[in-house]
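# Coordinate analysis (summary)
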Amino acid sequence: MGQPPFESVVATHHGEIFRYLQRVTSRSSEADDLSQETFVRAFRAYGGLPPDSNVRAWLFTIATNLSRNHFRAERRRLRAHAAVGETRGEIDGAGPEGETLFREARTIVEAVVDRLPVKQRLAFLLRKVHDLDYDAVGQGLGCSAETARAHVFQALRKIRHGLNGHNVPARAEA
Amino acid sequence: MNTNRADCRALEDDVIAVATGEAIGDEGFRVHAHTATCDGCRAMLDRYRRIDMATWALRTTALPSMNGARERLDARLADLRSRALAYGIFPSPLGQLLIARSEQGVSLVEYLNGDADMAGSRLHRRGIEAREDAEAVTSLYRELMEFLEGRCTRLDWPLDMRLARSDFHRAVLQVTTGIPYGAVASYAGIACDVGKPAATRAVAQALRWNPLAIVVPCHRVIGTSGALVGYAGHHVDLKQRLLALEGVQAEPAGDQFRIRRNASYVHCPGDDSYCLPSCPSLTKMDHPHRLRFFGSRQRAEAAGLVPCDCCHPELHPITP
């Protein structure tokens with residue numbers, strides 16, 4: 001039993017990896033470059049991958065590593081991080097209806113996530129949006145599962161602080 | 001409210017775990033016991049539950065369209081795949097040979113110095129994807145061996161010349177590929193053929209870096225004096241052996257090997273005939289360096305040439 005052809009790996013995972021990188025970079029052009037690079041690297045290494053590997057987690061690890069290098073080069077996340085506190089003021093005073101409020105809560109969560117330090121941001125997205133287990137998250141970030149979990153929890157605390165004073169409804173009302 | 005803030009702070013991780021589905025142990029028990037009496041933490045638990053819901057909603061947030069990203073990736077992977085080289089290393093009468101091919105054709109035939117020493121191989125150049133896969137090139141190796149044993153005279157392989165270093169390099173290799181079995185041309189002649197008559201040395205350099213030894217027959221290119229000049233680094237002996245195999249005899253002359261041009265049949269590129277070296281028709285040539293020399297009439301005729309009407313080499317064969 002050989003590996004499935006690489007085409008099928010692309011067919012199965014490209015969409016999700018691309019979405020992940022869009023969330024990570026908040027820019028489509030960068031997501032395009034990074035996802036291409038992710039799959040090109042995967043393509044080169046695919047032959048050497050042990051047969052029963054978790055291909056999905058492996059792709060996330062490659063994508064995560066590339067993202068970290070990308071941010072390390074850019075350093076722009078660090079600067080943006082300094083602006084976390086400003087989000088709340090911009091949102092306060094927006095429309096009061098349930099669904100609108102819920103959408104705004106989501107927007108605030110997105111905005112806070114957008115400004116998290118790189119590791120927390122990656123850990124949060126991998127765990128909370130893409131459902132990877134902590135072993136895989138840790139693998140992507142080059143840390144232990146415990147540390148990965150701590151990053152996610154820290155991200156959640158920051159989201160709570162980001163939402164402070166903002167009324168988050170339980171769900172969108174019809 | 002019967003708890004202090006330190007307790008509440010210590011409990012926040014548990015609250016997060018319970019609210020966001022991350023509980024792995026008895027957090028639930030602790031949190032419920034605590035929130036039963038602590039309004040602040042009950043509110044916090046509720047807040048984290050709502051955050052969890054907003055987080056969940058992130059999955060369905062519309063993201064900008066992928067806008068052809070998949071197509072671009074597929075094109076890039078197809079390109080990589082077609083460039084990827086499979087190679088094998090084989091013994092031959094001329095030493096270890098490395099043969100590599102891509103989907104497009106044969107891309108590398110090189111002599112390895114020493115026993116399978118890969119360090120100097122062009123496979124190590126930047127940007128080359130290569131994997132050892134002797135099976136993928138075994139049939140090429142077999143044909144090459146037939147060639148080296150004189151059992152076949154043509155290697156009609158599709159060539160992948162992307163390892164050439166420039167358009168000029170590629171042009172030199174193309175022209176060289178056209179030199180027939182059993183004939184020799186000169187570096188100066190190839191320079192004329194590629195339209196750069198002054199570039200004799202550049203041609204010699206280009207052939208020195210021939211990625212397709214034997215297949216692109218740079219061993220058939222010699223100096224205008226008839227001296228073999230150089231081959232594969234310091235292996236003029238290999239050049240002499242390859243030429244001898246094709247019926248072109250080079251004789252030792254000083255520290256060199258030399259072809260006796262006045263004892264060879266001559267072909268003027270563009271003509272369909274071959275001549276004796278003394279043929280008067282040859283004196284009219286603009287570029288005498290472009291002449292090609294055959295070691296025997298059979299080889300000239302195997303290349304599709306007929307005897308010249310003027311000097312009749314078939315009636316006056318050269319006697320060694």
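## Topic: the overall build of chain A
Scanning chain A from terminus to terminus reveals nine helices and zero strands. Secondary structure of chain A in N-to-C order comes out as α-α-α-α-α-α-α-α-α. Looking at chain A as a whole, 38% of its 174 residues qualify as buried. Long-range pairs, those at least 24 residues apart, make up 70% of the contacts in chain A with a sequence separation of at least 6.

## Things to note about the pairing of strand β8 (residues 256-259) of chain B
Burial along β8 of chain B is one-sided: the face carrying F257 and I259 of chain B is buried and the face carrying Q256 and R258 of chain B is not. Linking two consecutive strands that pair antiparallel, namely strand β7 (residues 250-253) of chain B and β8 of chain B, is a turn of two residues; a positive phi of about 65° is found at G254 of chain B within it.

## A look at unusual backbone geometry
Trans is the common state for peptide bonds, and a negative phi is the common state for residues other than glycine. Non-glycine residue D131 of chain A carries a positive phi angle of around 60°. By the C-beta count within 10 Å, which is 10 here, D131 of chain A ends up exposed. The phi dihedral of I214 of chain B falls on the positive side, at around 70°, and the residue is not glycine. Along the chain, I214 of chain B turns up in the loop between α8 (200-208) and β6 (221-222).

## Considering the packing of helix α7 (residues 118-129) of chain A against helix α8 (residues 134-141) of chain A
All names here are of chain A. The contact between α7 and α8 brings their axes to 10 Å, and the two run at 145°. For α7 against α8, the interelement crossing comes out right-handed. Along the contact surface, α7 presents K119, L122, A123, L126 and R127, while α8 presents V137, G140 and L141. Classifying every residue of the contact of α7 with α8 gives five nonpolar, one polar and two charged.

## Brief notes about the interface of chain B and chain A
Contacts between the two partners involve 26 residues from chain B, matched on the other side by 27 residues from chain A. Taken together, the elements giving at least two residues each to the side of chain B that touches chain A come down to α1 (5-19), α3 (39-58) and α4 (69-83) of chain B. Broken down by element, the residue count for the side of chain B that touches chain A peaks at nine residues, all from α3 of chain B.

## Considerations on the sheet that holds strand β10 (residues 273-275) of chain B
All names here are of chain B. Read across the sheet, six strands follow the order β6-β5-β11-β9-β10-β12 without closing on themselves; strand pairing throughout is mixed. Sheet topology places β6 and β12 (306-307) at the edges, where each strand pairs with a single neighbour. Relative to strand β11 (residues 292-294), strand β9 (residues 265-267) runs antiparallel, the two being bridged by three bridges. Its bridge partner lying in β11, H267 is registered against R292.

## Section: α8 of chain B
One turn of an α-helix holds 3.6 residues; hence residues three or four places apart share an orientation. Residues and elements named next belong to chain B. Looking at α8, one finds that the buried residues are V203, A206 and L207. One side of α8 holds all its buried residues, which, seen down the axis, span an arc of 95°. Exposed residues on α8 whose side chains face more than 90 degrees from its buried face are R201 and R208. Of the surrounding elements, those touching the buried residues of α8 are α6 (167-177), α7 (187-193) and β6.

## Here we look at the confidence of the model for chain A
All names here are of chain A. For chain A, the average pLDDT comes to 80, and 76% of its residues sit at 70 or higher. By mean pLDDT, the top-scoring element of chain A is α8 (93), and the lowest-scoring one is helix α5 (residues 87-91) (38). Here residues 83-96 scores under 50 on pLDDT; set against residues more than four positions off or in separate chains, the count is 19 contacts.

## Notes on the packing of helix α1 (residues 6-25) of chain A against α7 of chain A
Residues and elements named next belong to chain A. Taken N-terminus to C-terminus, the directions of α1 and α7 make an angle of 140°; their axes are 10 Å apart at the nearest point. It follows that α1 is oblique to α7 by the angle criterion. Between α1 and α7 lies a crossing of right-handed hand. In contact with Y20, R23 and V24 of α1, α7 contributes R121, L122, L125 and V129.

## A short note on the nonpolar core
Counting residues in hydrophobic clusters, the biggest one holds 63 residues, and the most contacted among them are V109, I190 and L212 of chain B. Ranked by the residues each element gives to this core, the list is headed by α7 of chain B, at five residues. Each residue touching I190 of chain B, except ones within four places of it in the same chain, is listed here: V172, V175, T176, A185, V203 and V221 of chain B. Of all hydrophobic cores here, the second largest spans 55 residues; its members include A31 and V137 of chain A together with I16 and A19 of chain B.

## A word on the sheet that holds strand β2 (residues 97-101) of chain B
Residue and element names in this part refer to chain B. Within the open sheet, the four strands sit side by side as β3-β2-β1-β4. Their pairing is mixed. Strands with a single pairing partner mark the edges of an open sheet, and in this sheet they are β3 (106-111) and β4 (130-132). Strand-to-strand twist in this sheet, taken as the mean axis angle between neighbours without regard to direction, amounts to 25°. Sheet topology places strand β1 (residues 85-90) next to β4; three bridges connect them, and they run parallel. By the bridge assignment, Y87 is partnered in β4 with E132. Lying over the sheet, helix α5 (residues 134-148) contacts β1, β2, β3 and β4, oriented at roughly 60° with respect to β1.

## Considerations on the environment of D135 of chain A
The residue D135 of chain A is located in helix α8 in this model. Separated by 78 residues in the primary sequence, D135 of chain A and A57 of chain A place their C-alpha atoms 9.4 Å from one another.

## Considering the environment of S296 of chain B
All names here are of chain B. In this fold, S296 is placed in the loop between β11 and α10 (297-302). You can call S296 partly exposed: it has 17 C-beta atoms within 10 Å. For the pair formed by S296 and P317, sequence separation is 21 residues and the distance between their alpha carbons is 9.1 Å. Residues within four places of S296 in sequence aside, it is in contact with G182 and G247.

What counts and what doesn't
- Residues numbered from 1 in each chain as written.
- Chains lettered and ligands numbered in written order.
- Predicted model: local features only at pLDDT ≥ 70, side-chain atom pairs only at ≥ 80, totals over all residues.
- Helix = DSSP H or I, 4+ residues; strand = E, 2+ residues; numbered from the N terminus.
- Buried ≥ 20, exposed ≤ 12 C-beta atoms within 10 Å, placed from the backbone.
- Contact = placed C-beta atoms within 7 Å.
- Pairing = 2+ DSSP bridges.
- Axes fitted to C-alpha atoms, helices over the stretch in contact; angles between N-to-C directions.
- Left-handed = near helix turned anticlockwise from the far one by under 90°.
- Nonpolar A, V, L, I, M, F, W, Y, C, P; charged D, E, K, R; others polar.
- Arc of directions from axis to C-beta.
- pLDDT = per-residue confidence, 0-100.
- Parallel < 35°, antiparallel > 145°, perpendicular 65-115°, else oblique.
- Core = buried A, V, L, I, M, F, W, Y, C linked by C-beta atoms within 7 Å.

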